[in-house]
Amino acid sequence: MDQLIELFKHLISPQWIIEHGGLYLLLLIIFAETGLFIGFFLPGDSLLFVAGIYGGLISDSFFNVPFVVIMLMISIAGVLGNMVGFWFGRKSGPLLFSRKDTFFFKKKYLYDAKDFYEKHGGGAIFLARFLPIIRTFAPIVAGIVKMEQKKFMFYNIISSFSWVFSMMLAGHYLDKFFPKLKDHLELVVIILILITTLPVLFKMFFGKQKHVHPPQTNVNE
């Protein structure tokens, strides 16, 4: 049990992920966090930001490829993650709403993502990419409501590239302007996590609860 707790601590530490898992673990986590409901707790935003700070190190450890190639690979991992979530939603959607809650699956998150989708339509796929937890369940909900595949892929691709490039470039250039940023990395990550999760936490604790039924029809928004 102690080993599992220790592993969990490592998986939510962006610096540990990059230093011990490199690009391969980074790709796996971005893939899982953007399409597998078991990945909702993973640190997508802060991981990308820290990856931007350590961009040179990651590039050197992966055949010295240019930094932009690293960002492209991570963006593709995000696209593939959403595609898996979308497929999973189409195949098993209605069953998820009757499934019991577990540590890795909270039905409330699914309802939150559905409410977000209904409010913002197709653009929810783009907006959700920048919101922790919501981005994990948004593609699943899009699959459940049978969103048009071409429309989903359009928002999926532009959202993944926008999210990855903005987060990683922010970390990359802030590190150049503030070289001592690495010395306060834990504080930076905590601030970033608070900024990105506060809207979601506010919604979870203070938002109005809605009792909805599993969607059965297509969404044309």
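Because the structure is a prediction, the values reported are computed rather than measured.

Cut-offs and rules
Residues numbered from 1 in each chain as written. Predicted model: local features only at pLDDT ≥ 70, side-chain atom pairs only at ≥ 80, totals over all residues. Heavy atoms only, no water. Helix = DSSP H or I, 4+ residues; strand = E, 2+ residues; numbered from the N terminus. Buried < 20%, exposed > 50% of the residue type's maximum accessible area, 1.4 Å probe, protein only. Contact = heavy atoms within 4.5 Å. Areas by Shrake-Rupley, 256 points an atom, 1.4 Å probe, with all protein chains shown as cover. pLDDT = per-residue confidence, 0-100. Phe/Tyr/Trp six-rings, centres within 6.5 Å; stacked < 30°, edge-to-face > 60°. Salt bridge = Lys/Arg side-chain N within 4 Å of Asp/Glu carboxyl O. Axes fitted to C-alpha atoms, helices over the stretch in contact; angles between N-to-C directions. Parallel < 35°, antiparallel > 145°, perpendicular 65-115°, else oblique. Left-handed = near helix turned anticlockwise from the far one by under 90°. Nonpolar A, V, L, I, M, F, W, Y, C, P; charged D, E, K, R; others polar.

A few words on the overall build of the chain. Scanning the chain from terminus to terminus reveals 10 helices and zero strands. Along its sequence from the N terminus, the chain presents helices and strands in the succession α-α-α-α-α-α-α-α-α-α. Within the chain, buried positions represent 48% of all 221 residues. Nonlocal contacts in the chain, meaning residues at least 24 apart in sequence, comprise 78% of its contacts between residues at least 6 apart. Accessible surface computed for the chain: about 11800 Å², of which carbon and sulfur atoms make up 69%.

For the chain, mean pLDDT is 81; residues scoring 70 or higher make up 82% of the total. Confidence, read as mean pLDDT per element, is least for helix α1 (residues 2-11) in the chain (55) and greatest for helix α9 (residues 149-177) (94). When the criterion is pLDDT under 50, residues 209-217 qualifies, and its contacts beyond four places in sequence or with other chains add up to 15 contacts.

The subject of this paragraph is the packing of aromatic side chains. By the definition in use, this model includes six aromatic pairs. When the centroid spacing of 5.0 Å and the interplanar angle of 65° are considered together, the rings of F62 and F63 count as edge-to-face. A residue is classified by how much of its surface remains accessible, and F63, at 69% relative accessible area, is exposed. Ring centres 6.1 Å apart and planes at 25° place the aromatic pair F161 and F165 in the stacked group. Here the residue F161 and the residue F165 both occupy positions in helix α9, the gap between them amounting to four residues, near one helical turn. The structure contains a cluster of three or more aromatic residues connected by ring pairs, namely Y24, F62 and F63.

For the rest of this paragraph, the subject is the pattern of salt bridges. Following the criterion strictly, the structure yields two salt bridges and no others. The partner of E33 in a salt bridge is R135, and the shortest N-O contact between them spans 2.8 Å. On the criterion of sequence distance, the pair formed by E33 in helix α2 (residues 14-33) and R135 in helix α8 (residues 134-144) is long-range, its members being 102 residues apart. Taken individually, E33 and R135 each receive the classification buried, so the pair is uniform in this respect. Of the charged contacts in the structure, one is a salt bridge between R135 and D45, with a shortest N-O distance of 3.1 Å. A residue pair is termed long-range when its members are at least 10 positions apart, and R135 in helix α8 and D45 in helix α3 (residues 44-53) qualify at 90 residues. Given a relative accessible area of 3%, R135 falls into the buried group. Judged by relative accessible area, D45 falls into the buried class, the value being 3%. Here the salt bridges share partners, and the residues they tie into one network are E33, D45 and R135.

Here the focus is the packing of α3 against α9. Where α3 contacts α9, the two axes come as close as 6 Å, and the packing angle between them is 45°. Looking at the two axes, α3 sits oblique to α9. Here the hand of the crossing between α3 and α9 comes out right-handed. On α9, the residues touching G44, D45, L48, F49, A51, G52 and I53 of α3 are W163, V164, M167, M168, A170, G171, H172, L174 and D175. Here the contact of α3 with α9 is composed, by residue class, of 10 nonpolar, four polar and two charged.

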